[in-house]
Amino acid sequence: MTDGVLDRLDPQQRRAVTLPPGHALVLAGAGSGKTRVLTHRIAWLIEREGVDPGAILAVTFTNKAAREMRERLAQLVVPAAVDGQRGVWLGTFHSIAHRLLRRHATEAGLPTAFQILDAADQLALVKRLLKRLAVPEAMVAPRELVGFINAHKERGERPEELAPQGARGQLFLTLWQEYEAACAREGVVDFAELLLRALELLHRNETLRAHYRQRFQHVLVDEFQDTNPLQYRWLQQLACDVATGEVGAWLFCVGDDDQAIYGFRGAMSALLARFQQEYQAELVRLERNYRSAGNILAAANAIIANNASRLGKKLVTDRGEGEPIRTFEAMDEGQEAQFVVDEIGALIRDGWSADEIAVLYRTNAMSRVFEHHLLAAGIPYRVYGGVRFFDRAEIKHAIAYLRLLVLPDDTNALLRVINVPARGIGAKTVEQLLAAAESEGHWEAAVNKLGGRGGAAVQRFAALIDELRDATATLPLPDAIALVIEKSGLQALFAEEATRDRAAREERLENLAALVDAGHEFVTEMAREGITATGHEMLTLFLQHAALESGEMQAGSHERAVRLMTVHAAKGLEFGAVFLVGLEDGVFPHENALPNFGGDGAGLEEERRLMYVAVTRAKERLYLSWAASRFWHGASRYRPVSRFVTEIPETLLLPLSGRKPRAPGWDAESSAASSPPSAHTSGDRPGSSWQPGQAVRHPKFGEGVILQVEGSGVHQQATVRFGPSVGVKRLLLSVAKLEAL
Ligand code: ATP
Ligand code: MG
């Protein structure tokens, strides 16, 4: 931290970064530099206070955020401090819990090759369980059971501790116990279990707890408002106890109660206040927003002011008002998408980099229509949080084969690939196999019990797995992956699809090749962390990593492509220009949160916080759009504009759609290029004669309409739309011989 990093912080931020040892809470609004403070505090602790990097643990909300923080830190401190076994521990609650369990699998009662169930795997396991126990899905919906299990675990509860309520309560409890037994048999843990196990490990094992309380002197948590009670209890295990003086880590938490958007997952922003009291945490507020232009911040503040339950913060910027917020009312979702894509095209032509532009929506399904129009316009884009890499079918198939090599009892994996590619193993044979496996304790041991053609096919499958297991035992990870993709028959299967659907085939084969690349990257990453496992040991680590990364956006986000994602996925991120789409009441706020759909006020406040998060992602330019009619859940719905838009003072808004044409030839309805004046245009500046909306004639291009005027003096430029054969041009006004009409 030689180049005076503290200089690039304002006084409040500097105070937070340099607080003396003690618990602390930084409570501040969006874009005020919370994440920056957290990163700089780590650097400050290492460089100025001489704290051993290995004594620092930092918790981020996503794996991607952890990677970014690692990169930032590497620039601030000696790189070795963030790499290697003795470097800072950086990751999500889940990845840190996983790291602990990996180190202490035996103490935690897990097999060393334990694997992680992602959300889809968990649901599949529950469905299988209900089927085996002959509980009809009409009686217990699989998703309901999953929700029940997760909710209890997230509160830190175990089935044995619960008193069943009524017959149904008893049934759920029994099913939960059966579920746990199945997980134990197969050697798998779900996401909530990762946290709960890690918590119990520290809670019950005095020696380990003492070890980690001693080891970690500083624990720093970003996005603290979305911490759930289980994660909070986990932090408590490590924290220095202010009541007793028992040694432990100092907690440094940063958060914003107005951005708490995971209430539905059990996160509680109430923990902010509780933490401050319980740990007598020093409270620091940051009041300057460095991200968004004034108008955007004013809109965000106006929206969130409608929430009753707030801790209360103020946020100012000295960046100036910036541009007005552009709004667009479309007739339907197709017109909305066309508007957004045209406007994105215009921004890119104006010199914006595609990766500085984001389209944000309330639910994943809304990305499709935007993708369609972006594709047609030839604009590169990337969807985050749709079907993610590790969730793709072909990748899950390959992963399932790999899992069977290290964790033979993983029944989800077995069922996924036993007949992919087709080997003539039907549902009946599979049922017989599972039944036999129950008495033998293991499906591979049961293989010989099956007769007939199906039995022979199962035997061949078992032999294949066995052969692959041997062949990969000592291979480097990427080679092992490549071998399995080939020998399993997956490669041939997807290559064969060529005749039917070329594009799909190529994408699938490319994805499989990318899995090999992911293996390469993983080995390098592990080496940086000082882990040099080989053979199946490395494979096990890789598979655990794949499960942790599923359900999250992919790495490699440096490419120049427009970002498409849900508002939830955009948390903590920032973009030059943001298109916030689908702003209709019932879409955003979501209908589940509206009182007439049975929602309560709390749900609406959470939606409003989500809106606050969305708006505050924008740095310079913000577009809000909605459609009068939208195809939604199978039918066209007509909904009013979102109440959140009406909560923004009209003076901040600039409608791009409107019934009134602004000037002759002004086609206000149709096009994106019809950008009206931005705040820094010269339209209202005295002495400037050119106005947006003005009709003009150019000696070469003919008649046109000024869309936008920017800059001043000799640099003043106008964007002018001419006739269809000419299109939109940007002209330097001091040079172009424009004539007013
Ligand atoms: P969010 O609540 O959305 O997570 P945040 O409070 O974590 O936001 P940061 O992402 O840390 O805010 O910072 C927002 C932006 O402001 C970043 O681009 C950051 O680099 C910049 N920034 C923060 N502090 C300063 C500063 N003192 N000087 C200049 N830029 C700053
Ligand atoms: Mg942040």
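Parameters and conventions
- Residues numbered from 1 in each chain as written.
- Chains lettered and ligands numbered in written order.
- Predicted model: local features only at pLDDT ≥ 70, side-chain atom pairs only at ≥ 80, totals over all residues.
- UniProt positions renumbered as here; feature names shortened; annotations may be inferred.
- Helix = DSSP H or I, 4+ residues; strand = E, 2+ residues; numbered from the N terminus.
- Buried ≥ 20, exposed ≤ 12 C-beta atoms within 10 Å, placed from the backbone.
- Contact = placed C-beta atoms within 7 Å.
- Pairing = 2+ DSSP bridges.
- Near = placed C-beta within 6 Å.
- Nonpolar A, V, L, I, M, F, W, Y, C, P; charged D, E, K, R; others polar.
- Domains from an automatic or database assignment.
- Core = buried A, V, L, I, M, F, W, Y, C linked by C-beta atoms within 7 Å.
- Axes fitted to C-alpha atoms, helices over the stretch in contact; angles between N-to-C directions.
- Expected span 1.5 Å × (residues − 1).
- Arc of directions from axis to C-beta.

Glancing now at the UniProt feature "binding site: ATP" (unreviewed entry) in the protein. Following the UniProt record, the feature "binding site: ATP" (unreviewed entry) maps to Ala-28, Gly-29, Ala-30, Gly-31, Ser-32, Gly-33, Lys-34 and Thr-35 here. Structurally, Ala-30 is set in the loop between strand E1 (24–28) and helix H2 (34–47). On the neighbour-count criterion, Ala-30 (24 C-beta atoms within 10 Å) is buried. Apart from residues lying up to four places away in sequence, Ala-30 is in contact with Asp-256, Gln-259, Ala-300, Tyr-612, Val-613 and Thr-616. As for its placement among the helices and strands, Gly-33 is situated in the loop between E1 and H2. Not counting the four nearest positions on each side in its chain, Gly-33 is found in contact with Gln-13, Leu-286 and Tyr-290.

Okay, the pairing of E1 next. Burial analysis of E1 places five of its five residues in the buried class, the great majority of the element. Side chains Ala-24, Val-26 and Ala-28 of E1 all project onto a buried face; the interleaved residues Leu-25 and Leu-27 project onto the opposite face, where all are buried too. For E1 and strand E8 (residues 282–286), the ladder comprises five bridges, and the chain directions are parallel. Within E8, the position partnered with Ala-28 by the bridge is Leu-286. Strand direction decides the pairing type here: E1 and strand E7 (residues 250–255), joined by four bridges, are parallel. Residue pairing across strands places Leu-25 opposite Cys-253, the latter belonging to E7.

Here the focus is the site of ligand 1. Taken together, 19 residues lie near ligand 1, and Gly-33, Lys-34, Thr-35, Arg-36 and Tyr-290 sit nearest. Top element by residues in the shell around ligand 1 is H2. It accounts for three residues. Along the lines of polarity and charge, the residues of the shell around ligand 1 split into four nonpolar, eight polar and seven charged. The residues that make up the shell around ligand 1 include at least three from each of domain 1 (5–105 + 195–288) and domain 3 (297–388 + 556–655).

On to the nonpolar core. Core analysis: the largest hydrophobic core is formed by 124 residues, its most contacted members being Val-26, Ile-42, Ala-58, Leu-195, Ala-198, Leu-251 and Ala-398. Excluding residues that lie within four positions of it along the chain, Leu-195 makes contacts with Phe-93, His-94, Ala-97, Leu-230, Gln-231 and Trp-234. Membership of the second largest hydrophobic core comes to 64 residues, among which are Phe-328, Leu-347, Val-562 and Ala-618.

In this section: the sheet that holds E8. The strand order across the open sheet built from six strands is E3-E2-E6-E7-E1-E8, with neighbouring strands paired in parallel fashion. Taken across any chain shown, the strands that pair with only one partner, and hence form the sheet edges, are strand E3 (89–91) and E8. The sheet shows a mean angle of 10° between the axes of neighbouring strands, direction not considered. Two strands pair when backbone bridges link them, and strand E6 (residues 218–221) and E7 are joined in this way by four bridges, in the parallel orientation.

A separate point is the environment of Ser-353. Within the secondary structure, Ser-353 is located in the loop between helix H13 (333–349) and strand E10 (357–361). Separated by 207 residues in sequence, Ser-353 and Arg-560 place their C-alpha atoms 6.8 Å apart.

With 13 residues, helix H6 (residues 142–154) extends 18 Å from end C-alpha to end C-alpha; this agrees with the ideal 18 Å at 1.5 Å per step. Listed as buried for H6 are Leu-145, Ile-149 and Lys-153. The buried residues of H6 occupy an angular sector of 65° when projected down its axis, which confines them to one face. The exposed set on the far side of H6, more than 90 degrees from its buried face, consists of Arg-143, Glu-144 and Gly-147. Those residues of H6 hidden inside the fold are in contact with helix H5 (119–132), helix H7 (166–186) and helix H8 (191–204). Remark: Gly-156 follows H6 within two positions and exhibits a positive phi of approximately 85°.

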